[in-house]
Amino acid sequence: MQTVPRTDRSIVGHWWWTVDRWTLACLLLMLAFGGLLSFAASPAIAERIGLTSFGLAQRHLIFLPLATIAMAIVSVLSVRLVRRIAILGFLASLLFSVLVLVAGTEMNGATRWIGVLGFSLQPSEFMKPCFAIVAAWLFTLQKETPSVPGNLISFLLFGLVVTLLILQPDLGQTLLIAAVWGMQLVLAGLSIYWVAGLVMAGAVGMVFAYTLLPHVKTRIDIFLDPAGNDAYQVTQSILSFSKGGLFGRGPGEGSIKSALPDAHADFVFAVIGEEFGAIACFIIVFLVMIVVLRGFLRMMKEEDFFITLAASGILLQFGLQAVINMSSSLNLIPTKGMTLPFISYGGSSLLAMAFGMGAVLAFTRRRPSPRFSHFVP
Amino acid sequence: MSELGPESRLHKKGIRGVSYRLFHLPGFEPAFTRSKKFRLGMVVLIFCLSFTAIASKLFYLSFYIDSDTKQFQRIASKGGFNRTRADLVDRNGIVLATNLLKPSLFADPSQILDVDEAAYHLASVLDDLDLSKVRRQLSGKGKFVWIKRNLTPRQKQEINELGLPGLYFRNEQQRVYPLGALTAHVVGMTDIDNNGVAGVERSLDAMLNSTSAPVELSIDVRVQHAVQEAVQHAITKFSAVAGAGIVLDAKTSEVLGMVSLPTFDPYDPNKITDDQRFNRATLGMYEFGSVFKIFTAAMALESGKVRMSDTFDATNPIKISRFEIRDFEDGEKRPLSLREVIKYSSNIGAAKIATKVGSRNQQAFLKRLGLLNPIAIELPEIGKPQFPETWREINTMTISFGHGLSVSLLHTVNAMASLVNGGKLHHPTLIKREAPSLIKGDTVVSEKTSDQVRDLLRMVVREGTGKNAAVKGYLVGGKTGTAEKAKRNGYAEKSLLSSFIASYPMDDPRYVVMVTVDEPKPIKESYGYATGGWVAAPAVGQIIENTAPILGVEPRGTMASVQETKKAIGQAVSFQVTGDVAQ
């Protein structure tokens, strides 16, 4: 730290002294662990889908530096520039989400991926952080300039996004985006009665999903009685934590990755538990916890309306995804396909999350004056 | 913030008014910073609770394994929890018993969707499945039932291809016996849970489960094979019902070969008959007849009351109470020396010798040889010798020529070993001795008596009833025995137990060999005889001829006998290579 003097006003020097270095360190650690884990968890899956043993690990290692650089660059940018990128990104992901429905690749009964430049892209992943920023901006517009119907536009966009996601169908992402948008709405100052009403609506929605969507019903049934139903994944997942114990069976020594098709993504936490042990899991939980709690505590003191909403939204998305992923693996909640941020395999998820957390880093940088207009996009 | 108060906007019309009423009206609070802290605080609280729940469950899963998880563990187990039972090997390291991992099928009835369908499909793959039993098992309440153990890989594949839920495999260790029936009575077998139920498998059960190093038996499979071939040959040739044979190390009492025929296939426990299971070498108690005359002679010489040259009048049969003791085909009908009593196998002579030594001495001597107690060996199949409770004079007389005292084949062989090896009795064993030279043994006869016994045995093979056991170069000595089998109403003359016991080489005995054949029928080749000398002696000769070169016993005598030995070695080698003893 002594190598960068505080008086250094270059971009890097300025960035170094203003960025939240603790959060940055935690995120980099998680990225590194994800890279390490891709060697342990993905060969079994790579071999099953006909790639060479380390085919998936190699892909992950291509995305890893890209994600790190993307996060670093975004974190240097000004709030306004980040917002502009997010707005463009949101429009692009809307376009691609429509394209996915027309020309997407179907996998496991859902159409979520589209081929772009030789990579299969999942637009919904990019939609999440971009929409959080766009929604925050719209709420802010309405607040600062009441003549602009920001809340209404944000509501309409939310409806559009949810419709596109349900059509794929991708219930997990829908719930996540709804949770983020809902929290932003609450933070924006929605009355406590409306909050209660939204929670009720969410509960009713869940009941409808349970009764109307068969795959949601089976997942919840399995959660309620893992042994009685075809709870193969959850059974294997829970078993892997028991097998791993405190210190794990050693990298590459686990067996769950060959038993579960989603071991490198949705059940990566179980692979950590089996091969690296509960201590490594505790460390992951701890890293996520530092990022999330530190971010939110900082937001409590943040005076800028837009930054509060945007950063909180992305932090919630990050934290919620991690909590849902880990809780599914531990059978605390019904199984929900959700990646563990920065650790799970998946290029779209990694890059999108890197952009989102880069934005959070940019938003949380110490700046001399919190007052500037949000009217310009 | 807007300079106009919110109220002024309430009256606006159009879309803006609607949006304002929708999102501003019942209350976007103006005091953003105050309520924001509380609301963010709630989010932080929810996260804290979530992280606590995750950490607790993590802690719980990695430290405690509750019954649910044990259930999962059992279901998802891929084996490796089974204990590994130690191998059994012969004295040269040939595997007699080892373990193979085989899949076993079990079901979790609570996961079976359609019991009838599952049972029907299972029965189509596993043809010997009891359909109604499986249906009952699958409709049960529990979460674990064995459907079938020890499947083949092909069956496992076929069951997987059925694609039925609720069926799982667990790899279990199954005991395999590479030599199968050849060593069945010695090695024994285990039940499906790998608990020893017969043979060494049972008597050494605890030891086999506690060690992982192979347990070395004293058996030599080459000798075992030679004994089985010879006994089987005799049984077939003389249309006998059964037979048994033992080769014992004369100096250490290690059993090198022990065969009981008919034998059984340890892989098919349900098809084993009682007759096959019966171990005729250790569990079967027999009166071996004239074989016992050599014990009588040894007893007499050891007692000092009788010398080699003493004569006993065998002219007339002995009449005692309502019995009459006579010689085979009326014998020599003249006074016989002790030597001649053994040579011509005279019952009258043996009875007179025993009477001279006395009943008490006879009992004491037989007890010393271990013939009156169950024999101690590493097998659960051990019989108890049978003898009259009150030992009268008539018992003394009949026991002197091997009637009225039932012992096992192993008893007889082990007692003989002590008489020829210089007088030391050892416990027989099926375990390879670590240091054979260190074992001590109890002195049962003097070295001088032992020398005289060897002389008598050698004479029987050179000049007497045991000529058929002679093998050139190996100085075989032995004694025949032909007993009428005791039936319910006395002795049946046509049901014979024909035996021959031998030791070689007589100048320094290394091995004792005994063969007994149950109910052999006379054939033309043996001139109408089915006696020990015709039935069992050739079998013993065959065993010695085939095994002596393998066991490294140097042949004695002329170049001619050496030539013959080389031929025998050639045969032995070809047996080793091909595993086929075609004589």
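For clarity, every value in this text was computed on a predicted model and none was experimentally measured.

## With respect to the overall build of chain A
When its secondary structure is counted, chain A shows 15 helices and three strands. Taking the intrachain contacts of chain A between residues at least 6 apart in sequence as the baseline, contacts between residues at least 24 apart amount to 68%.

## Considering the overall build of chain B
Secondary structure assignment for chain B yields 21 helices and 18 strands. For chain B, buried positions account for 45% of its 583 residues. Within chain B, counting contacts between residues at least 6 apart in sequence, those at least 24 apart form 70% of the total.

## Side note on the confidence of the model for chain A
Mean pLDDT for chain A: 82, with 84% of residues reaching 70 or above. For chain A, the element scoring lowest by mean pLDDT is strand β1 (residues 105-107) of chain A, at 64; helix α14 (residues 305-329) of chain A scores highest, at 92.

## Structural notes on the packing of helix α7 (residues 171-187) of chain A against α14 of chain A
All names here are of chain A. Where α7 contacts α14, the two axes come as close as 9 Å, and the packing angle between them is 145°. Where α7 crosses over α14, the two elements pack in a sense that is right-handed. Residues Leu 176, Ala 179, Val 180, Met 183, Gln 184 and Leu 187 of α7 touch α14, and the partners they reach there are Thr 308, Leu 309, Ser 312, Gly 313, Leu 316, Gln 317, Leu 320 and Gln 321. Residues of the contact of α7 with α14, tallied by class, amount to eight nonpolar, six polar and no charged.

## With respect to helix α20 (residues 532-547) of chain B
The end-to-end C-alpha distance of α20 of chain B is 21 Å, a good match for the 22 Å that 16 residues give at a rise of 1.5 Å each. Among the 16 residues in α20 of chain B, 16 count as buried, and that is most of the element.

## A closer look at the environment of Pro 334 of chain A
Locating Pro 334 of chain A in the fold gives a position in the loop between α14 and α15 (347-363). Along the backbone, Pro 334 of chain A and Val 234 of chain A are 100 residues apart, and their C-alpha atoms lie at a distance of 9.1 Å.

## Some points on the environment of Phe 241 of chain A
Within the secondary structure layout, Phe 241 of chain A lies in helix α10 (residues 232-244). Here the alpha-carbon distance between Phe 241 of chain A and Ser 329 of chain A, two residues 88 residues apart in the chain, equals 9.2 Å. Residues in contact with Phe 241 of chain A, not counting those within four places in the same chain, are Ala 270, Gly 273 and Ala 278 of chain A together with Leu 58, Leu 61 and Ser 62 of chain B.

## Details of the confidence of the model for chain B
All names here are of chain B. Overall, the prediction assigns chain B a mean pLDDT of 82, with 85% of residues at 70 or greater. Looking at the elements of chain B, mean pLDDT is at its lowest for helix α1 (residues 6-9), recorded as 44, and at its highest for strand β8 (residues 242-249), recorded as 95. In this model, residues 1-11 is a region of pLDDT below 50 whose contacts with residues beyond four sequence positions or in other chains number five contacts. Confidence drops under a pLDDT of 50 for residues 573-583, and excluding neighbours within four residues, the segment shows eight contacts in the predicted structure. Two summary scores accompany this predicted model of the complex, namely pTM at 0.52 and ipTM at 0.87.

## Structural notes on the packing of helix α13 (residues 277-301) of chain A against α14 of chain A
All names here are of chain A. Two numbers describe how α13 lies on α14: the axes approach to 10 Å, and their chain directions differ by 155°. Classed by the angle they form, the pair α13 and α14 counts as roughly antiparallel. In the packing of α13 onto α14, the handedness of the crossing is left-handed. Counting all contacts with α13, which are made through Val 285, Val 288, Val 291, Val 292, Gly 295, Phe 296 and Met 299, the residues of α14 involved are Thr 308, Ala 311, Ser 312, Leu 315, Phe 318, Gly 319, Ala 322 and Met 326. Partitioned by chemical class, the residues of the contact of α13 with α14 number eleven nonpolar, four polar and no charged.

## Some words on unusual backbone geometry
Negative phi values dominate among residues other than glycine, just as trans dominates among peptide bonds. Residues and elements named next belong to chain B. Residue Pro 262 is reached from Leu 261 by a cis peptide bond, and omega for that bond is 0°. Along the chain, Pro 262 turns up in the loop between β9 (255-261) and α12 (274-277). Its identity is not glycine, yet Ser 239 carries a phi of approximately 50°, on the positive side. If you trace the backbone, Ser 239 turns up in the loop between α11 (221-237) and β8. Positive phi, close to 45°, is recorded for Leu 475, a residue that is not glycine. For Leu 475, the location among the structural elements is in the loop between α19 (447-463) and β16 (477-487). Judged by local crowding, Leu 475 falls into the buried class, with 23 C-beta atoms found within 10 Å.

## Side note on the nonpolar core
Residue and element names in this part refer to chain B. Ranked by size, the top nonpolar core spans 116 residues in total, and within it Ala 234, Val 512 and Val 540 carry the most contacts. When residues are assigned to domains, this core turns out to be shared by domain 2 (88-217) and domain 3 (223-299 + 356-385 + 398-578), each giving three or more. Once residues within four sequence positions are removed from consideration, Val 540 is found in contact with Ala 469, Gly 478, Phe 500, Ala 502, Val 513 and Val 515.

## A word on α14 of chain A
All names here are of chain A. With 25 residues, α14 extends 36 Å from end C-alpha to end C-alpha; this agrees with the ideal 36 Å at 1.5 Å per step. Burial runs high along α14: 25 of the 25 residues are buried. Looking one or two residues past α14, Asn 331 carries a phi angle of roughly 60°, positive in sign.

## Quick look at the pairing of β8 of chain B
All names here are of chain B. Among the eight residues of β8, seven are classified as buried, and the element is accordingly described as predominantly covered. The pairing of β8 with strand β18 (residues 511-518) spans eight bridges and is classified as antiparallel. Paired with Ile 246 across the two strands is Met 514, which belongs to β18. Here β8 runs beside β9; their pairing, made up of six bridges, is antiparallel. Each residue of the ladder has a partner; that of Gly 245, found in β9, is Val 259. Connecting β8 to the antiparallel partner β9 that follows it, the hairpin turn spans five residues, and Ser 253 within it adopts a positive phi of roughly 60°.

## Considering the environment of Pro 165 of chain B
Counting through the fold element by element, Pro 165 of chain B comes out in the loop between α7 (153-162) and β4 (167-176). Put simply, Pro 165 of chain B and Leu 113 of chain B are 52 residues apart on the chain and 7.4 Å apart in space, counted from C-alpha to C-alpha.

What counts and how
Here, residues in each chain are numbered from 1, in the same order as that chain's written sequence. Each chain gets a letter, beginning with A, and each ligand a number, beginning with 1, in the order they are written. Residues qualify for local features only when their pLDDT is at least 70, as the model is predicted, and side-chain atom pairs are given and counted only at 80 or more; totals for whole chains, interfaces and linings, by contrast, use all residues. The way it works is that DSSP assigns letters per residue, a run of H or I at least four long becomes a helix, a run of E at least two long becomes a strand, and they are numbered from the N terminus. Placing C-beta atoms from the backbone, we regard two residues as in contact once those atoms come within 7 Å. Counts of 20 or more other C-beta atoms within 10 Å of a residue's own C-beta define buried residues, counts of 12 or fewer define exposed ones, and intermediate counts define partly exposed ones; C-beta atoms are placed from the backbone. Each residue carries a pLDDT value, the predictor's own confidence for that position, ranging from 0 to 100. To obtain each axis, a line is fitted to C-alpha atoms, and for helices this fit is confined to the stretch in contact; angles are then taken between N-to-C directions over 0 to 180 degrees. For any pair of crossing helices, the crossing counts as left-handed if the nearer helix is rotated counterclockwise from the farther one by less than a right angle, and right-handed if it is rotated clockwise. Side-chain classes follow a simple rule in which Ala, Val, Leu, Ile, Met, Phe, Trp, Tyr, Cys and Pro form the nonpolar group, Asp, Glu, Lys and Arg form the charged group, and the remainder, Gly included, forms the polar group. A helix's residues, less one, multiplied by 1.5 Å, set its expected span. Here roughly perpendicular refers to angles of 65 to 115 degrees, roughly parallel to angles under 35, roughly antiparallel to angles over 145, and oblique to all remaining angles. Structurally, a nonpolar core is described as a collection of buried Ala, Val, Leu, Ile, Met, Phe, Trp, Tyr and Cys residues joined by way of C-beta atoms within 7 Å. The split of the chain into domains comes from an automatic or database domain assignment. Here the rule is simple: two strands pair whenever DSSP picks up at least two bridges between them.

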